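Observations on the three-dimensional arrangement
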Amino acid sequence: MMEIPMTAIAGSIQRGDILLSEFDGIDHRKFFVVMGISEDKVCGFFFINSNIHPAIFNKQEQLDLQYPMLQSDYNFLKYNSFLCASNVIERRLSDISEGICEGSTMVIGRMKEEHIQDVVNMVRVSNVISEHYKKMYFY
């Protein structure tokens, strides 16, 4: 079996890809959606959560950044879920590629194109996400 070079894996990851991985401080594997890759090869992404965190119920601007992901659109989901677009998380692209090679990170699928655009547009008009992140991952 031929090994795929990590650079080839890194080069194939793009906005809208849905992956599953482990994260420090979280006791289960999480789905996440790649939203952009910076010039210095850092990946900006959002987690998919099965519920909206109660702490943001009274914070309308953050609540507006919970994008519904329906199980009928994404068959890997056990329930209707939410893309939490109120918090950009970053990980080096090389770490993601390494995880894919080792099997600790899996590529699950891709977000529908119109959903990707919805999320990008939603983030661009939000005051919650910093201009720094907007420039890096959402244009």
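Everything discussed here concerns the structure shown above.
A few points on the structure.

About the criteria used
Residues numbered from 1 in each chain as written. Predicted model: local features only at pLDDT ≥ 70, side-chain atom pairs only at ≥ 80, totals over all residues. Heavy atoms only, no water. Helix = DSSP H or I, 4+ residues; strand = E, 2+ residues; numbered from the N terminus. Rg over C-alpha atoms; globule rule 2.2 N^0.38 Å. Buried < 20%, exposed > 50% of the residue type's maximum accessible area, 1.4 Å probe, protein only. Contact = heavy atoms within 4.5 Å.

1. Re the overall build of the protein chain
- Of the regular secondary structure elements, the protein chain holds five helices and seven strands.
- The order of helices and strands in the protein chain, counted from the N terminus, is α-β-β-β-α-β-β-β-α-β-α-α.
- For 139 residues, the compact-globule estimate of 2.2 N^0.38 gives 14 Å, and the protein chain sits close to it at 15 Å.
- Evaluated residue by residue, the protein chain yields a buried proportion of 42% over its 139 residues.
- The long-range fraction of contacts in the protein chain, counting pairs at least 24 apart against all pairs at least 6 apart in sequence, stands at 61%.

2. Things to note about the environment of G11
- With respect to the element layout, G11 can be found in helix 1 (residues 6–12).
- For G11, a relative accessible area of 66% gives the class exposed.
- In the structure, G11 is positioned 55 residues away from Q66 in sequence and 29 Å away in space, judged by C-alpha atoms.

3. Examining unusual backbone geometry
- Phi at K41 takes a positive value of approximately 65 degrees, unusual for a residue other than glycine.
- Relative to the helices and strands, K41 is located in the loop between strand 2 (30–37) and strand 3 (42–49).
- Residue classification places K41 among the exposed residues on the basis of a relative accessible area of 51%.

Function-wise, these values are silent; they only describe arrangement.
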